[in-house]
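Tertiary structure, described
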Amino acid sequence: MDIKIIKTTQPKEKQAAEKLAFGVTFSDHMFVMDYTEGQGWHDPVIMPYGPIQLMPSSMVLHYAQEVFEGLKAYKTPQGEVQLFRPEENFKRMNRSNERMCIPQLDEEFVMNALKTLVKMDQDWIPTSPGTSLYIRPFIFATDPFIGVRVSQTYKFMIIMSPVGSYYKGGLAPCRIYVEDEYARTVRGGTGEAKCGGNYAGGLAAQEKVHVKGYEQILWLDGEKRQYIEEVGTSNVFFLIDGVFVTPSLEGTILSGITRKSVIELLKSWGETVVERRITIDEFYELHQQGKIQEAFATGTAAVISPIGTLGWQDKEMTFNNGEIGEYTQKIYDTLYGVQSGHIKDTLNWIVRV
Ligand SMILES: *Cc1c(COP(=O)(O)O)cnc(C)c1O
């Protein structure tokens, strides 16, 4: 399948690096490909970024049959363009597809499409510290039909957004609140899939903690409301008495690529990482004993977010005096260093475009 290329005749103006917010502006081009049952994926095209036409009856608008991914492209100090573990994103997208009854993608084909798109818009990759080009592949159901069933047509798209540093003025520890009313997902639900519906369902909890003066939610498991699962849309790690602990993947947690990378990195440093279930009661007890040394969240958007304070019911737990921990900083520096080409990629994570 050849990708048709339609170049923009009106390149947009790029924003200065210091003005870049997250996910607000988009590059000149996007990738679009359609799926029709019986025909498979067809008509791949790279075209100017812009509005698309959809029937109001498009199934995604009613029943949310949709999946997405997020990854980043960087420009190294030598001017080379690189992606961080992109094959992991397309593998995960196919796992999400399976869960949401969306047809599988040819991972090699979409990787090639992504590289072609990134190459075309490589001038959109910002280079100042902390910046990158955020890439959003997504698939949604387009059958013009009102009724709950699997769609027979889909659109796969990739759009790209130059993004600034998640942190203005370095890594700032955030305030997180333990959500014990709303649930993100349950076993057998869609928590393991990166699908839009999971996020709409979490908004009410997010609003609630904002009012309380916290930035993010720590989700507990949906059944017992005891086990620690994730922080907002990130995975979570704790340094407990010299051992790194992260919740094990039990079908409700999204298997983060940053999570996987942090585990591999720590192991390469000779650290002990334990994937296990941990309850909020046990965690509180460990904190009382002074054993929680550091806490941080991991995800593509922010890479590493230090957690300074964790609110739970009427209690507040503070880690490392509310300051960024030594390991948290070192993990961020190393990951971001490899991603942006400032540090040698010894674990084979980088794909050159
Ligand atoms: C995307 C996401 C993550 C982080 O995954 P990465 O691959 O590290 O970006 C964690 N939790 C949820 C719910 C997510 O959607």
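Residues numbered from 1 in each chain as written. Predicted model: local features only at pLDDT ≥ 70, side-chain atom pairs only at ≥ 80, totals over all residues. Heavy atoms only, no water.

An unreviewed UniProt entry lists the protein under the name Branched-chain-amino-acid aminotransferase, from Acetobacterium bakii. What UniProt records for the protein under Cofactor (unreviewed entry) is the sentence "pyridoxal 5'-phosphate". (UniProt positions renumbered as here; feature names shortened; annotations may be inferred.)

With respect to unusual backbone geometry
Unlike most non-glycine residues, Asp43 shows phi in positive territory, near 50°. Residue placement: Asp43 occurs in strand β3 (residues 40–48). Asp43 sits in the exposed class, given a relative accessible area of 53%. A positive phi angle, near 50°, is found at Gln313, a position not held by glycine. (Helix = DSSP H or I, 4+ residues; strand = E, 2+ residues; numbered from the N terminus. Buried < 20%, exposed > 50% of the residue type's maximum accessible area, 1.4 Å probe, protein only.)

Focus: the nonpolar core
Formed by 45 residues in total, the largest nonpolar core has its most connected members in Phe31, Val118, Ile135, Ile139 and Phe156. No other element matches the 7 residues that helix α3 (residues 107–120) contributes to this core. Beyond its immediate stretch of four places on either side in the chain, Phe156 contacts Phe31, Val32, Met33, Trp41, Phe90, Met93, Leu105, Val110, Pro137, Phe138 and Ile139. Among the nonpolar cores identified, the runner-up in size contains 24 residues, and Cys174, Tyr284, Met317 and Phe319 belong to it. (Core = buried A, V, L, I, M, F, W, Y, C linked by side-chain atoms within 4.5 Å. Contact = heavy atoms within 4.5 Å.)

Digging into the site of the ligand
In the vicinity of the ligand, 14 residues are found, and the nearest of them are Lys194, Tyr199, Glu230, Thr258 and Thr300. In this structure, Tyr199 approaches the ligand through a side-chain N or O atom, which is 2.3 Å from an oxygen atom. In the complex, the protein chains occlude 97% of the 380 Å² of accessible area that the ligand would expose alone. For the shell around the ligand, the per-class residue count stands at 3 nonpolar, 7 polar and 4 charged. (Near = heavy atom within 4 Å. Polar contact = N/O pair within 3.5 Å; in protein donor to acceptor, adjacent residues only side chain to side chain. Areas by Shrake-Rupley, 256 points an atom, 1.4 Å probe, with all protein chains shown as cover. Nonpolar A, V, L, I, M, F, W, Y, C, P; charged D, E, K, R; others polar.)

Some thoughts on the packing of aromatic side chains
Applying the stated rule across the entire model yields 17 aromatic pairs. Ring centres 5.1 Å apart and planes at 65° place the aromatic pair Tyr35 and Trp41 in the edge-to-face group. With a centroid separation of 6.1 Å and 70° between ring planes, the pair formed by Tyr74 and Tyr336 is classed as edge-to-face. Of the two residues, Tyr74 sits in strand β5 (residues 71–75) while Tyr336 sits in helix α8 (residues 326–339), which places them 262 residues apart along the sequence. With respect to class, Tyr74 is no different from Tyr336; both count as buried. (Phe/Tyr/Trp six-rings, centres within 6.5 Å; stacked < 30°, edge-to-face > 60°.)

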